[in-house]
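# A structural walkthrough
Residues per chain, in single letters:
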Amino acid sequence: MSTTTTPPPSRLDPEPVPRRDVLGLAAMASAAGACLLALAGLLRLPKAAVLSSPSKKFKAVLPENLAAGEAFVPAGRSVALFRDAEGVYAISTVCTHLGCIIKPNAEGFECPCHGSKFQSDGSVKRGPAPRALPWLKVSHTGGNWIVDEGAPVPPGTKVQA
Amino acid sequence: MSKNKYLLLLSSLGALALLIAAAVNEHFMKEWRRIQNVAVSDEGPVEVRLRQVINPGLKVTDRCVSCHVTMGAGEGSVRGAKVLAPHKAVSHDPAEYGCTVCHGGQGLATDKAESHGDVHFWPEPMLPSHYSYAGCGTCHAPLRVPQRESYQRAVSAFERLDCYACHRVEGRGGTIRPDGGGMEGPDLSKAGLAGYDREWYPKHVEKMQKEPLKAWKMSFSAVNDEDRQLLDVFLSTCVGASRLVEAKAMFNTAGCLGCHKVSGVGGDSGPDLSRAGYKDPGLADFSHVSGPATLANWQAEHLRSPLSIVLGSQMPSLGLSDRDIEQLVLYTLSLRRRDLPISYVPKDRMRALRFGEREFSTDGATVYGTFCAGCHGLAGSGLRSAGLASFPSIANPDLLERVSDEFLKNTIQHGRPGRRMPAWGDMASGLRPEEILSVIDYLRSLSGVKQKPDRTPPRWVKADSASGRALFASTCAGCHGAQGEGGEAPALNNQVLLASATDTYLIETIGRGRRGTVMQGFLDPSPARRTLAGAEIESVVAFIRTWEKKQP
Amino acid sequence: MTPAEKPPDGLREFADNLKAAPRHIYETAFRSGTPATDRTRSTFIFGNVFLHLHSVRVHRWTLRWSTTMGLGIMTTSAFLITLITGVMLMFYYKPFPEAAYDSMKDIHFVVPTGRFIRNIHRWAANVMVVAVILHMTRAFFTASYRKPREYNWLIGLGLLVVTLGLSFTGYLLPWDQLAYWAITIGANIAQSPREVTDAIGITQWFDPGGIQKLLLLGSDVVGPEALIRFYLLHVMLLPLALGALMGVHFWRIRKDGGLARPSDADARLGPPPAGTYPVFTEAPQRTYQLAAVVKGRTPAVNNGPENTVPSMPHLFYAELGVFMLTVLICLALALISDAPLKELANPSVPENPAKAPWYFLGLQELVSFSAFMGGIGVPAIVLLGLGLIPYLDREKEGTGQWFGGPGGWPLVRRSILLGLGSTLLVETLVIRFGWLREWFPHIPQLIITAINPATILTTIYALYSLWLIRRHHSTRAGAMGLFTCFLCGFLVLTIIGTYFRGPNWVFYWSPGDWPKH
C-alpha cells in the first residue's frame, strides 16, 4: 500500500500555466497593436512630401543668332533648346541610362558616363541607354519661351513664336 | 498581480486611440486637403498633395499654392473653392517668383493663420490687401516721382489732352482698332520702367501729317511745351503701380527726408526708414494704438499723432488728412527693400544703386517737398507747434527780398550748426549742389520775390557795440536768448548766419521785421514794446557782430 | 552498397532544408522555446542580450506599485521614445543656423507626421526630466542608496546630469529666439567663474570660465560652431554616455541584489495571492556563486531567491505597462500642445524675458543675483552633497521603506515647511527690497558672490541639517532634512522663475501684467 502524497514541486518541472490568460493576451495584443501603428506612423516620416528642387518650369531667353540645329543649354538647366524654321523645341539632356548630364555635339548627344550616343532628335544611336531622350514642352507666352522639364511631349513637337 | 496587466491593457488601448486620432488629424483635417479634395481642373479632380513654389535666387519656398492652387505653375484652370480665385494678371508670375516676395507672410507654413503671418512670433505678416502695392518695394524703387501737386498736374494733363483715347494705362482707356489690328496706340502702363521713345512728339506730328485716316486728325493736335513736359513726367512714372507712385508723390510732399533717411539719403533727426516696411509688429508698442495690432495701423495712428503713440517723439504732427495718411502708410510699408542676387535687381533699383540716380524727382518743388516741407511747411510758411522750437518761415517775401541767393545757398549747404537745420550740402546723405540751387529757385518762385538790389558793402556798420548790448538785452533777448543762442526765435550767434548775413540784411530785418511772423519791425511804432531808432539798430547789429568769430 | 540503400537524393535534401530554413532561423534565434516552465522562462531572459540585464527572478516586494512607482522604467521609456523620435527627426534636421530653422518649419508643416513626432520628442524629453527627478527622490526617501547600492546612486547622479545635458543641448537646435537666447545665457553661466577670477584679478592667467565657454561654443558667440557642437553632443556623445551609464545602472541593480527592500519584507507581503504562478520556495544550496574564479560570494549571497517570481512574465507586464503608460502620456501631451517654435534667432534683438527650459528656471532665478554661485557654485555643492550621502549615511534603519530612518515622515513634513518657508521668505525679501547691489552700488563683487540668496538658502538648509544630525544622532535624519529643503527650494524657485518673472527678470503676478515691449 502506498500513500498518494504529491511530492513538492521542483523548479525543474513544468508549472501549471493557466490555459487561457485572456487578460494577458489582450494586454499584449493591444500593446503590439499600438506599437505597430506607431511604427507605421514613424515609417511614413522619411518619405518627403515636398521636394526641395526648384520648379521644373522656367523661362528661357534664346540667343538671337542661334543657328538651326545648334543647341542652347540655359545655365543651370539640363535641357537643350533648338530653333529651326519650323519653330523652337527642347530635348532633355539627362541620359535615360543612369541620369548623367549629356553633352550636345555636332552629331547629336554623347554621355560621358557609359558612352551612350544619341541622334540629334534624341533617339539612341549606341550604348546602354534604353530609351530616346524625351522632348519637353515649350510654350510661348508674353514674349517669353517657357520650358517645362516635367512635361514630355511627342518627339517632333516644335512651337512657333 | 493582474493589475499590471490592466495597466498594460488600458495604457495600450489609450495609446492606440490617440494614435488613431493623430492619424485622422494628419490625413483628413488639414485645411489644404479639404480645399484640394473639392478642387477640379480641366483634366478632372486635382491630385491632393502639398504644393510649393521654389525660387532659389530669391530664397523663396512658398507653400501658399497648397491652398491657392491656381497660382501654381500650370494650374490656372483649377476651381472649386473661394481661395482658388486666380491671381490677377501681373508681370511677375507667382509660379516663378513665389508669393511672399511681394505679399509677405510665412511661405513655409501650410496653416492659414501661420502662413498669413497672423501669429505673434512671425515678424513679417502679409501686407493687407488694401496696401498690397507696397509689396513692389521689396525689389523696386519708383524713380523720378515728383511731389504731389506736380504729379497730379501730369496725370490730369494726360487726361486733359485725351491720350486715353488711343493709349491704355493700367487697364484704362485705349481703343481697339475696328479692323481688329490691336490697340490704336501702345499700352503705356510700364512706359517708365521699360523706357519710351523720347522723340515721341515729333513722331506723332509726322504720323499725323502723313496719316490719311480721319481718326488721327481728329484725335491728335499740337501739344505745347509745358504740357509736353508734364506728359514726360507722367510717362516716366508709369510703372504699372499708380497707387504706389501716388503714395510716393505724397511722401515727396510731406518732407519726410528732412529728418529720416531712406537708402542713405536724408536727415539724421529721426529713425532710418529704409526698412520701415519690415518693422516687426510684434516689437512695436501698441499700448496707445486704437484699432488692430497691424503695422499699417500702427503707422497710420503714429502719423496722425506721433506724440501720443511714441512717448517723447520729436516728430511734429503734420495735420494730415486720412487720404494723406493712407498714402504715407502705403509708401512706408513699401520701404522693405531686400538684398537681391544681381540677376534679380530691377532696372530702376540698378539706376539708383549704381548710376547715382535719385529716388525722387530733382526739380525744386520735389526736392523742397521731400526735404524741407516737413519743417518749413508745404508753402514755406514755417511751423509752430507747442513744446518744440518753431521752424522759420522761409518763403517769407521780406526774407527773400533781403537775402541773396548766396545767403540761401550757404544756409542750405552749411545749415545752422547746433540747431535743427542740418548742413545739407556738407553731409553725404544730403543734397547735391544742383539740387540746392533748384530749391532756391523754387523758393523764389514760391514767393515771387527776387532780391532787391543792394549796393552797400556786406559790412559797413561802425556803431558802438556796448550800447547795442544793453539794447539787445532789453529788446531782443526775450525771444533770441541772452547770448543770441535762440529760443522761440532763431539763433543769432550762429556762425553760418553771421558769415553770410550782410549788415544791410540785419538792419532791414530788425527795422522792418518779417510780415506774417512774430518778428515785427522795430522802426514801426507799437504800443506793446519800444521802438528803435536807426542808430540804435546799427548798434544792435554791431553787438550781434561781436559774436562772430574772427576769420584766422 | 546495396541497391536498397539508395544514395540520399541531394536535391530533395536541399529542398527540405530550404523549406525548413525559416523554422530553423527562428529556432536558432530563440533557442529556449516557449517560456512556459521555470527553466525556459529563465533561459528566455539570460539567453537574450537585451533582457539579460534583468535578474531572472524578481522579489514580490519589487512588484508592489508603491515600491518604485515605476519611475525608473518611466525614465527609461521616455528615453527610448526620445531616442526613436529623435532619430526620425534627424532625417530632416539640418544643423546649420538658418537652415536649421527652416528645416524645423519643414518638420512642422510638410514632413509627414513630422509635427506630431517633434511634439512627442519634446514632451518625452520633459517627461524624462520629471521622471528622473522623481525617481531620484523615490530612491532617496526609501533609503535605497545604502550599502550595497552606493555606487549605483552615483551612476544615477551621472544619469541625472547627462539627462539635463541632453535637454539643454536639444534646446538650441531649433535655432529660434527662445533657443538662441537661452543658450547664450547658458554659455555665459559656464563662463561665470570669471565673476570670481575677475574679482580677485587673476583672469589673465587663470580663466576656467572662459575656457568652459570656448569649449562649449567653439567661438565667443552662439553661432554655427556652437550649433554643430550642441548637435554632436545631443545626437551622439550624450546619448552614448547615457546608454552606457544606463547599462551599468541596470546591471548593478541585479548585481546589488535587486531593489532595496525592508528586512521584514517577506513577512509584510504574506502568502502570494491565489491564481498567480507558483512562488519559488525551495531554498537552493547555492546561488550566484563566483564559480571557479575566486573564492567568495557575490553580494546577493545569503539572500535566497525566496518569495520571488519569474521576471518573465511578471516583471515584463509591469515594465511594458509603464512603458505604454509613458507612451500614452507623451502622445496625449503631443496632441494637446505643439512644441514651441518662435522667430528665427536674431542676435541683435534679445528675447525678453529669455527663459531657459523650465527645469533650469530655478537656477536662473538664483543666477539673477550671482551668476557664479547660482549657476555653478550651488549646483556643484548640491551634486557633491548628493554624491556623498550614501557614504556618510551608513545606517541600517528604514532601508527600503518610504521615509525610513529616524524622524520618518514627521521630520520630512517639518522640513517641507521649513524649506518652503525659508525659500519664500528670502525670495519675498529680495523681490520686495532688492539685494546688496541696490543698496550699495559700489560693493565689491566678491561680497555679492559670497552673500546672495543662493548661498544664504544653502547655509540655512545646511545649518538645519546639522541640527537634525545632532538632535537625532543620525546622519540619515540630517540628509532627509537637507534633501527635502533643497527639493522645496528647487520647486519654489522654479515656479517663481517660470510663472512670476517677466521682461528684465522683474517680478509680475501674472504674464498678463507684463508691459507690452
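Presented here is a report on the structure given in the accompanying data block. (Residues numbered from 1 in each chain as written. Chains lettered and ligands numbered in written order. Predicted model: local features only at pLDDT ≥ 70, side-chain atom pairs only at ≥ 80, totals over all residues.)

### Re the overall build of chain A
From N to C terminus, chain A includes one helix and nine strands. Overall, chain A shows an N-to-C arrangement of helices and strands of α-β-β-β-β-β-β-β-β-β. Across the 161 residues of chain A, 21% fall into the buried class. (Helix = DSSP H or I, 4+ residues; strand = E, 2+ residues; numbered from the N terminus. Buried ≥ 20, exposed ≤ 12 C-beta atoms within 10 Å, placed from the backbone.)

### A look at the sheet that holds strand β4 (residues 103-104) of chain A
All names here are of chain A. Spatial ordering of the open sheet is given by β4-β5-β6-β7, a layout of four strands whose pairing is antiparallel. The sheet terminates laterally at β4 and β7 (124-126), the two strands that pair on one side only. Note that strand β5 (residues 108-110) and strand β6 (residues 117-119) share three bridges and pair antiparallel. Paired with E110 across the strands is K117, a residue of β6. (Pairing = 2+ DSSP bridges.)

### Thoughts on the environment of R63(B)
For R63(B), the location among the structural elements is in the loop between β4 (60-62) and α3 (94-97). In this structure R63(B) comes out as buried when scored by C-beta crowding, with 28 C-beta atoms within 10 Å. Between the C-alpha atom of R63(B) and that of L108(B), which follows or precedes it by 45 residues, the distance is 5.8 Å. Dropping the residues within four chain positions of it, R63(B) is found in contact with L50(B), Q52(B), G107(B), L108(B), A109(B), T110(B), S115(B), F109(C) and V110(C). (Contact = placed C-beta atoms within 7 Å.)

### Things to note about the interface of chain B and chain A
Frequently, the measure chosen for interface size is the accessible area removed from exposure when the parts meet. In this complex, chain B contributes 20 residues to the contact, which on the side of chain A involves 18 residues. Of all the secondary structure elements, the ones that give two or more residues to the side of chain B that touches chain A are α1 (2-28), β3 (53-55) and α3 of chain B. With ten residues, the top contributor of residues to the side of chain B that touches chain A is α1(B). When its residues are assigned to classes, the side of chain B that touches chain A shows 13 nonpolar, five polar and two charged. (Nonpolar A, V, L, I, M, F, W, Y, C, P; charged D, E, K, R; others polar.)

### Some details on unusual backbone geometry
The amide bond that connects K147(C) to the next residue, P148(C), takes the cis arrangement and shows omega of 5°. Looking at the element boundaries, P148(C) is found in the loop between α6 (114-141) and α7 (150-172). Geometrically, the link from N352(C) to P353(C) is a cis peptide bond, its omega value of -5° lying close to zero. You can see P353(C) is positioned in the loop between α13 (311-336) and α14 (361-367). Look at D162(B): it is not a glycine, yet its phi comes out positive at around 60°. With respect to the helices and strands, the residue D162(B) is situated in the loop between α6 (148-160) and β5 (168-169). Classification of D162(B) by C-beta neighbours within 10 Å gives partly exposed; the count is 13. Within the chain, T113(C) stands out as a residue other than glycine whose phi angle is a positive 60°. Mapped onto the fold, T113(C) is located in the loop between α5 (97-109) and α6.

### A word on the sheet that holds strand β3 (residues 87-92) of chain A
All names here are of chain A. Pairing is antiparallel across the open sheet formed by five strands, whose spatial order is β1-β9-β8-β3-β2. Across the chains shown, the open sheet's two edge strands, defined by having one partner strand only, are β1 (57-60) and β2 (79-84). Across the sheet, the mean angle separating the axes of adjacent strands is 30° when strand polarity is ignored. Note: β1 against strand β9 (residues 144-153), four bridges, orientation antiparallel. (Axes fitted to C-alpha atoms, helices over the stretch in contact; angles between N-to-C directions.)

### So, the interface of chain B and chain C
Facing 25 residues of chain B, the contacting portion of chain C comprises 25 residues. Grouping the amino acids of the side of chain B that touches chain C by side-chain chemistry returns 15 nonpolar, six polar and four charged.

### So, the nonpolar core
In this structure, A179(C), M324(C) and C330(C) are the most contacted members of the largest nonpolar core, which totals 134 residues. Take this core: its biggest share by element is 16 residues, from α13(C). If near-sequence neighbours (up to four positions away) are discounted, C330(C) is found in contact with I81(C), I120(C), W123(C), A124(C) and V127(C). Counting residues in hydrophobic clusters, the runner-up holds 92 residues, among them L244(B), A284(B), I436(B) and L443(B). (Core = buried A, V, L, I, M, F, W, Y, C linked by C-beta atoms within 7 Å.)

### A look at the environment of V22(A)
Relative to the assigned elements, V22(A) resides in helix α1 (residues 22-44). Along the sequence, V22(A) and V159(A) sit 137 residues apart, while their C-alpha atoms lie 73 Å from each other.

### Comments concerning α1(B)
Compared with an ideal rise of 1.5 Å per residue, which puts 27 residues at 39 Å, α1(B) spans 38 Å between its outermost C-alpha atoms and is within 8% of the ideal. Inspection of α1(B) places N4(B), K5(B), L7(B), L8(B), L9(B), S11(B), S12(B), A15(B), L16(B), L18(B), L19(B) and A22(B) among the buried residues, and these make up the whole buried set. In this fold, the buried residues of α1(B) make contact with α1 of chain A together with α6 and α13 of chain C. (Expected span 1.5 Å × (residues − 1).)

### Regarding the pairing of strand β8 (residues 135-141) of chain A
Residue and element names in this part refer to chain A. Two elements, β3 and β8, share two bridges in a ladder whose sense is antiparallel. Paired with I91 across the strands is W135, a residue of β8. Of the pairings in the sheet, the one linking β8 to β9 comprises seven bridges and is antiparallel in character. Within the sheet, the bridge partner assigned to W135 lies in β9 and is V153.

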